[in-house]
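Each chain, letter by letter, is given below.
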Amino acid sequence: MALQQPLLAGPGGGDVEDGSLQPLQPKSEPDSHRHGTALTASAHIVTAVIGAGVLALPHSIAWLGWLGGPALLALFYLLTWLNAALLAAAAAAGSTRHASYADLVGAALGPGPRAAVAALQIGINGLASVAYTIAAAACARAVRTSLACHGVSAGAGAANCGDQAALWREIAAFGAAQLAASQLPSLDDAAWSSAVGAATSLVYSLAALGLSLLHATERRGTSTGIPAATAEEKTLGALSALGGIAFALAFPTVLVEVQATIREVPGGRRAGAAMQRAIAGSLLVSFLLYMGVGVAGYAAFGNEVPDNVLAIPHIGPTWVLVVANCAVILHLLSAYQVYSQPVFAALERALLPARDPLGATKAGQALVVSETHPVVTPDHSEPAWPARLVLRSAYVVLATALAALLPCFSQILGLIGALLFWPAGVYFPITLYLQVTGRRGWQRCVLLTLTILLFFVSLAVAGAAVHGLVLEVLRN
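A brief look at the structure comes next.

Reading guide: rules and limits
- Residues numbered from 1 in each chain as written.
- Predicted model: local features only at pLDDT ≥ 70, side-chain atom pairs only at ≥ 80, totals over all residues.
- Heavy atoms only, no water.
- Helix = DSSP H or I, 4+ residues; strand = E, 2+ residues; numbered from the N terminus.
- Expected span 1.5 Å × (residues − 1).
- Bend = angle between axes of the 7 residues up to and from the residue.
- Buried < 20%, exposed > 50% of the residue type's maximum accessible area, 1.4 Å probe, protein only.
- Core = buried A, V, L, I, M, F, W, Y, C linked by side-chain atoms within 4.5 Å.
- Axes fitted to C-alpha atoms, helices over the stretch in contact; angles between N-to-C directions.
- Parallel < 35°, antiparallel > 145°, perpendicular 65-115°, else oblique.
- Left-handed = near helix turned anticlockwise from the far one by under 90°.
- Contact = heavy atoms within 4.5 Å.
- Nonpolar A, V, L, I, M, F, W, Y, C, P; charged D, E, K, R; others polar.
- Phe/Tyr/Trp six-rings, centres within 6.5 Å; stacked < 30°, edge-to-face > 60°.
- Patch = residues over 30% accessible without salt bridge, like charges linked within 9 Å, V, L, I, M, F, W, Y side chains within 5 Å.
- Areas by Shrake-Rupley, 256 points an atom, 1.4 Å probe, with all protein chains shown as cover.
- Salt bridge = Lys/Arg side-chain N within 4 Å of Asp/Glu carboxyl O.

This part covers helix 11 (residues 318-351). Relative to the 50 Å expected for 34 residues at 1.5 Å per residue, helix 11 spans 48 Å between its end C-alpha atoms, a close match to the ideal helical length. Along helix 11, the sharpest kink reaches roughly 35°, centred on Ser340 and followed within four residues by the proline Pro342. A large share of helix 11 lies buried, amounting to 25 of its 34 residues.

As structure tokens, then:
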């Protein structure tokens, strides 16, 4: 579907209260305060998308079988690309640059939807921080076990679910590292971190792919996937697998923040065009890796594949497992920041008094990015560092404590995917795009029908994820 020149309510594109729709002119001023490019945006997206979820994809495909697994993974990739492209087009409308997803929604749809997106963003990104802490701790334990026993033991794989008390040292160590990394002022300042994250994600994804291909000659797996005692159990397992796939490809809660880091060049392509290139390239790379790892992992280990393919005992040489798991840890250190920085910005905006440096916006003005601070809000700029230190440290400590208490990584992934996919990844991107472009006719009908269908799918997946998480809590 072609994306036309977006429109935004208000004369000149800055005022959304007028109600009129007019084409917006691109900015002619250079963005000296931004440093991002299509390449750095791609690094941010790859860091956000290719995460611990890739290691659970063989297990998700195992629930869906050869008939449903690869096909649904491809379908979710296409849906993710479509909705990300629509959201990026809406965010690029006109000369006003919105610093967060919530602010974009507020400018186009009003304060109620803005508050809903802000709450969703904080909740989902917070759960992602918890999930990444659990995954990093499990990988750290796998490294320790590999070095001690010259091979990953079955106990390391079991550490992903239940027995989280045994991981408290690794969880605490990862949390301590995040206490330091979380003091970076904004996502723009973490560009180097995302470069590291993107590189390490490719390392462990390729390692998982290579190790799975070594065993894929066995051609295991079945057309319908993991058998279940009852139809209810099979349905719940398949729906949870869909949640895991949705989480693996999702990144809408950080897309606008990533786009806000891109610098516009006078006389050149706008930031929106750079973001579209970044989305297309990074999602294609992610999808190819995901399909390879998921299909090869399921072909190699069949219906018995665990929810972390790198935790399979003796899957490969010890040094490969150690390098791959260390790469996972380094990537999760970076991905934690990609998901946490928008939460920090939202919490500081709501809770902390801020200094008002030259160039900060004033109350009532459209949200823009100031000369000296990559992300500001209508009423605040960057808060004083002692208050920021306390608030961000409290967030990291809370996420670390929850990681030590929650029982199962894969169930959390499914829950995040279900809660995130429809509102943040379908409804708001489509609604924003229709609002700013004024689309009518068959395209509007198709997009609204897609929104309704995917709502019911997400509702079913969320119910299955909650059911599975409750069973794990009761079991452990």
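Having seen the model, we can carry on.
Counting residues in hydrophobic clusters, the biggest one holds 130 residues, and the most contacted among them are Tyr101, Phe251, Leu255, Met275, Ile279 and Tyr290. Broken down by element, the residue count for this core peaks at 19 residues, all from helix 2 (residues 53-91).

A word on the packing of helix 6 (residues 168-181) against helix 11. Look at helix 6 against helix 11: their axes get within 10 Å of each other, and the N-to-C directions meet at 45°. Of the possible angle classes, the one that applies to helix 6 and helix 11 is oblique. Handedness of the crossing formed by helix 6 with helix 11: right-handed. In contact with Phe174, Ala177, Gln178 and Ala181 of helix 6, helix 11 contributes Ile329, Leu332, Leu333, Tyr336 and Gln337. For the contact of helix 6 with helix 11, the class distribution of residues is seven nonpolar, two polar and no charged.

Turning our attention to the packing of aromatic side chains. What the rule picks out here adds up to eight aromatic pairs. Through successive ring pairs, a cluster of aromatic residues spans Trp422, Tyr427, Phe428, Phe455 and Phe456.

On the surface, a cluster of nonpolar side chains totalling about 410 Å² of accessible area is made up of Ile452, Phe455, Phe456 and Leu459. Looking at the element boundaries, Phe456 is found in helix 14 (residues 442-475). Assessed through its relative accessible area of 53%, Phe456 is described here as exposed.

Attention now moves to the pattern of salt bridges. Taken as a whole and assessed by the stated rule, the structure comprises four salt bridges. With a shortest N-O distance of 2.5 Å, Asp103 and Arg114 are connected by a salt bridge. Taken together, the residues Asp103 in helix 3 (residues 101-109) and Arg114 in helix 4 (residues 111-149) connect sequence positions eleven residues apart. Note on Asp103: relative accessible area 7%, which makes it buried.

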